[in-house]
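# Architecture at a glance
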Amino acid sequence: MTEPHEPRPGTLSPAAASPALARLVGMPAADFADRVWSRAPLLTRADDLPRDFADLFGPDAVDELVARRALRTPFARMAKDGATLADRTFTLGGGVGAGIGDQLSEDRVLRELAGGATLVLQALHRSWAPVQDFAAALTDDLGHPVQVNAYVTPPQNQGFSDHYDVHDVFVLQVAGEKRWRIRPPVLESPLRDQPWERRRAAVERAAQAEPFLEETLRAGDCLYLPRGWLHSATALGGTSIHLTIGVHTWTRRHLVDAVLARIGDRLTDDVEARRSLPVSPGTSGGSEVAFGDDAEVVRSLVAKALQDIGVDEIVEALRPQVRAAQRAEPLGVLDQVERATRDERDDERDGERGAPTTWRPRRHLAAHWEGTGDNLVLVSRVGRLEVTADERDAVAEVLDGIRDAAGLDPALRRRLALAGLLVPADVSGG
């Protein structure tokens with residue numbers, strides 16, 4: 001099995017294998033990667049895209065989520081005139097048998113929307129199936145994890161003032177129209193710990209300048225913005241609904257942190273790095289002069305450790321973050337148990353048997369092997385599974401799609417199914 005069992009973080013797939021990205025940009029994936037990605041905004045009109053976004057989300061989805069799904073904060077928030085509203089203004093208790101005080105109240109949401117507030121439905125990549133499937137496919141195309149929020153804004157209203165995001169975004173206009181104003185960054189490629197609020201004065205000054213881009217998005221249009229680009233938007237005629245896909249980019253800083261973590265691990269095992277600093281009378285806890293010699297020793301130790309760290313070791317250090325950044329393809333728990341158990345019964349039964357389940361690898365597992373010899377463990381987003389040396393090759397070939405799961409030993413196939421590594425082939429997933 002290839003390790004890791006997914007596209008390398010930070011890479012874009014070939015154009016032919018990027019169906020989700022192709023819905024958002026009117027150019028081949030390779031051109032987007034070379035010319036646009038993380039560099040400049042890109043507005044693509046509906047006429048230049050395969051189809052609109054009505055299959056992913058729409059007004060009926062908003063009503064379903066608000067009134068029927070018992071969403072709680074922080075899966076929803078509301079804002080007006082650039083300020084976030086208090087949760088109590090749009091939530092209420094769940095009633096008998098659901099004694100939770102922060103569930104969305106359709107009546108309060110209605111009141112706030114009628115008063116000009118924007119409703120934000122957050123983490124739709126977890127709560128709305130069409131968006132969930134699309135987000136998983138886009139993550140594969142980009143090699144970076146994504147989140148999806150919906151913004152519902154009444155006519156002639158603005159939910160948020162000029163700001164920048166610390167992640168790249170794709171804005172998918174679903175319904176209505178919204179006027180967007182885009183301005184260059186005050187901080188290029190900001191990290192997660194560099195939000196716009198820390199540069200509020202600079203953002204407010206920059207917002208007074210002429211926009212780099214000012215355009216109206218209509219249903220089916222898509223806008224890409226690299227992280228750091230300032231933006232604000234106002235709904236025009238009719239209620240505006242758009243999806244914002246936030247791309248949480250892997251950056252070189254992630255690799256820097258991985259390198260530093262590996263250096264720290266190595267130096268923990270170095271007795272020279274563990275030695276006490278000298279007694280330094282009168283320095284009140286130390287000074288640059290008193291510790292100068294030791295600082296030089298540490299510089300040398302770090303430099304040596306850095307030379308000894310290989311690229312594979314850095315990638316390995318980042319692997320847990322990559323694995324935690326996305327969930328595996330959804331599965332039906334009861335259906336999974338019933339089919340695995342039925343197949344086991346049929347394998348044990350003499351005589352006629354029912355049609356067996358055809359199993360396939362579950363998507364987005366991010367699986368890799370740990371251990372050697374007879375102590376092998378398959379580690380993935382769904383947990384850890386011990387596998388014997390005799391089973392390893394067969395399991396790897398099935399997960400890589402080289403071998404049909406039907407050829408596995410029935411007991412092993414059932415173990416893989418109940419571990420969530422295989423799913424029925426007739427079940428679609430993201």
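For the structure itself, consult the block above.
Below is a short write-up of the structure. (Residues numbered from 1 in each chain as written. Predicted model: local features only at pLDDT ≥ 70, side-chain atom pairs only at ≥ 80, totals over all residues. Heavy atoms only, no water.)

Before going further, it helps to examine unusual backbone geometry. Look at the link from Thr73 to Pro74: it is a cis peptide, with omega at 10°. Assignment of secondary structure puts Pro74 in the loop between helix H3 (59-68) and strand E2 (76-80). Here Asp81, not a glycine, exhibits a phi torsion of approximately 55°, which is positive. Judged by its relative accessible area of 65%, Asp81 falls in the exposed class. Positive phi is not limited to glycine here, since Ala366 has a value of about 50°. (Helix = DSSP H or I, 4+ residues; strand = E, 2+ residues; numbered from the N terminus. Buried < 20%, exposed > 50% of the residue type's maximum accessible area, 1.4 Å probe, protein only.)

Okay, the packing of helix H8 (residues 252-268) against helix H10 (residues 292-308) next. Their axes nearest at 9 Å, the elements H8 and H10 cross at an angle of 110°. By the criterion of interaxial angle, the relationship of H8 to H10 is roughly perpendicular. For H8 against H10, the interelement crossing comes out right-handed. Contacts from Val259, Ile263, Arg266 and Leu267 in H8 reach Leu301, Val302, Ala305, Leu306 and Asp308 in H10. Partitioning the contact of H8 with H10 into residue classes produces seven nonpolar, no polar and two charged. (Axes fitted to C-alpha atoms, helices over the stretch in contact; angles between N-to-C directions. Parallel < 35°, antiparallel > 145°, perpendicular 65-115°, else oblique. Left-handed = near helix turned anticlockwise from the far one by under 90°. Contact = heavy atoms within 4.5 Å. Nonpolar A, V, L, I, M, F, W, Y, C, P; charged D, E, K, R; others polar.)

Here the focus is the packing of H8 against helix H11 (residues 311-324). Two numbers describe how H8 lies on H11: the axes approach to 9 Å, and their chain directions differ by 110°. By the angle between their axes, H8 is roughly perpendicular relative to H11. Listed contacts from H11 to His254, Leu255, Ala258, Val259, Arg262 and Arg266 of H8 are Glu313, Ile314, Glu316, Ala317, Leu318 and Gln321. Among the residues forming the contact of H8 with H11, the class breakdown is six nonpolar, two polar and four charged.

Let us look at the sheet that holds strand E6 (residues 118-121). Strands sit in the order E1-E11-E8-E13-E7-E6-E2-E3 across an open sheet of eight strands; the sheet is antiparallel. Here the strands that pair on one side only, and so sit at the sheet edges, are strand E1 (42-44) and strand E3 (83-84). With respect to the sheet, H3 is in contact with E6, strand E7 (146-153) and strand E13 (240-247), its orientation differing from that of E6 by roughly 80°. Sitting on the sheet, helix H6 (residues 129-142) is in contact with E7, strand E8 (168-175) and E13, with an inclination near 130° to E7. (Pairing = 2+ DSSP bridges.)

The strand order E10-E9-E12 describes an open sheet built from three strands, whose pairing is antiparallel. At either margin of the open sheet sits one strand with a lone partner, and together these are strand E10 (213-217) and strand E12 (230-235). The sheet shows a mean angle of 20° between the axes of neighbouring strands, direction not considered. Pairing of strand E9 (residues 178-183) with E10, which is carried by five bridges, proceeds in the antiparallel orientation. Of the residues in E10, the one forming a bridge with Arg181 is Glu214.

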